[in-house]
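# Architecture at a glance
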Amino acid sequence: QQQVKQSPQSLIVQKGGISIINCAYENTAFDYFPWYQQFPGKGPALLIAIRPDVSEKKEGRFTISFNKSAKQFSLHIMDSQPGDSATYFCAATPSHTGNQFYFGTGTSLTVIP
Amino acid sequence: NAGVTQTPKFQVLKTGQSMTLQCAQDMNHEYMSWYRQDPGMGLRLIHYSVGAGITDQGEVPNGYNVSRSTTEDFPLRLLSAAPSQTSVYFCASSPRGPETQYFGPGTRLLVL
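Since we're looking at a predicted model, the values are computed, not measured.

## Some words on the packing of aromatic side chains
Summed over all chains, the structure comprises 19 aromatic pairs over all chains. With a centroid separation of 6.3 Å and an interplanar angle of 25 degrees, the aromatic rings of A:Tyr25 and A:Phe66 are classed as stacked. Taken together, the residues span a long stretch of sequence, with A:Tyr25 in strand 3 (residues 19-25) and A:Phe66 in strand 7 (residues 62-67) at a distance of 41 residues. Under the relative-accessibility criterion, A:Tyr25 is labelled buried at 5%. For the ring pair B:Tyr35 and B:Phe103, a centre distance of 5.5 Å and an interplane angle of 40 degrees mean the geometry is tilted. Note that B:Tyr35 is positioned in strand 4 (residues 31-38) and B:Phe103 in strand 10 (residues 102-103), a separation of 68 residues in sequence. Residue class for B:Tyr35 comes out buried when judged on its relative accessible area of 0%. Grouping aromatic residues by their ring pairs yields a cluster made of A:Tyr32, A:Tyr36, A:Phe89, A:Phe101, A:Phe103, B:Tyr35, B:Phe90 and B:Phe103. Just above the ring of B:Phe74 sits the side chain of B:Arg68; from NZ or CZ to the centre is 6.0 Å.

This is the structure in structure tokens:
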């Protein structure tokens, strides 16, 4: 059973548009929610992360929105660029257990020039 | 710093063979993990370690063994390879706790 559900599976956005990727979870013990970016042939790289004590975190063009009551969080990429074309994974962990991360299934983002 | 290194980059095995995937980090990170990545399934945690001498099972540990005798190294052993273990394997490390997990470049494994 997938602990973290991610949608959509793929996304095509025009350059300059907003890309939105959504994730949902059930385990209320999760308390750290990172997003990873992965380019073909490379390992994932941490993009941005949030803890449930805040509802939003912004770093440059990337924003995480977090809804604790709905157990949902999303990644917004503003002014999407062709260089943002990659696969994005959300993840979650109950941080007190060490490093037990649960990943979503990934979203393949294509930004069209 | 080389970061997280993995060897080999690519490996072909026959069913029933054993092998060890190597992972090393030079950042003095306490936490290390092994994941497998399969199409449409994201990354799934195989085993993880919170320090030398301490390991624990993740989501999909069957068929794999790990040990952590030093802070730097965290090898993953396939005991008897099966076609279902065909995957891309990633090793990751972080200083302490979940923040800033650094991934290696991956090992692509094909089991025939």
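## Quick notes on unusual backbone geometry
With the exception of glycine, the majority of residues adopt a negative phi angle, and the majority of peptide bonds are in the trans configuration. Of note, the amide linkage connecting A:Ser7 to A:Pro8 takes the cis form, showing an omega dihedral of -5 degrees. Mapped onto the elements of the fold, A:Pro8 is located in the loop between strand 1 (4-7) and strand 2 (10-14). The step from B:Thr7 to B:Pro8 runs through a cis peptide bond, and the omega angle for that step is -5 degrees. With respect to the helices and strands, B:Pro8 occurs in the loop between strand 1 (4-7) and strand 2 (10-13). With a phi angle near 55 degrees, A:Lys71 is a residue other than glycine that sits in the positive phi range.

## Describing the nonpolar core
Counting 25 residues, the largest nonpolar core has A:Val4, A:Phe33, A:Trp35, A:Phe73, A:Leu75 and A:Tyr88 as its most contacted members. Those elements that place two or more of their residues in this core are strand 2, strand 3, strand 4 (33-38), strand 5 (45-50), strand 7, strand 8 (72-77), strand 9 (86-92) and strand 11 (107-112) of chain A. If we ignore the near neighbours within four places in the chain, the residues touching A:Leu75 are A:Ser19, A:Ile20, A:Ile21, A:Trp35, A:Leu47, A:Ile48, A:Phe62, A:Thr63 and A:Tyr88. The next biggest cluster of nonpolar side chains, apart from the first, holds 19 residues, and it includes B:Leu13, B:Leu21, B:Met32 and B:Phe74.

Conventions adopted
- Residues numbered from 1 in each chain as written.
- Chains lettered and ligands numbered in written order.
- Predicted model: local features only at pLDDT ≥ 70, side-chain atom pairs only at ≥ 80, totals over all residues.
- Heavy atoms only, no water.
- Phe/Tyr/Trp six-rings, centres within 6.5 Å; stacked < 30°, edge-to-face > 60°.
- Helix = DSSP H or I, 4+ residues; strand = E, 2+ residues; numbered from the N terminus.
- Buried < 20%, exposed > 50% of the residue type's maximum accessible area, 1.4 Å probe, protein only.
- Lys NZ or Arg CZ within 6 Å of the ring centre and 35° of its normal.
- Core = buried A, V, L, I, M, F, W, Y, C linked by side-chain atoms within 4.5 Å.
- Contact = heavy atoms within 4.5 Å.

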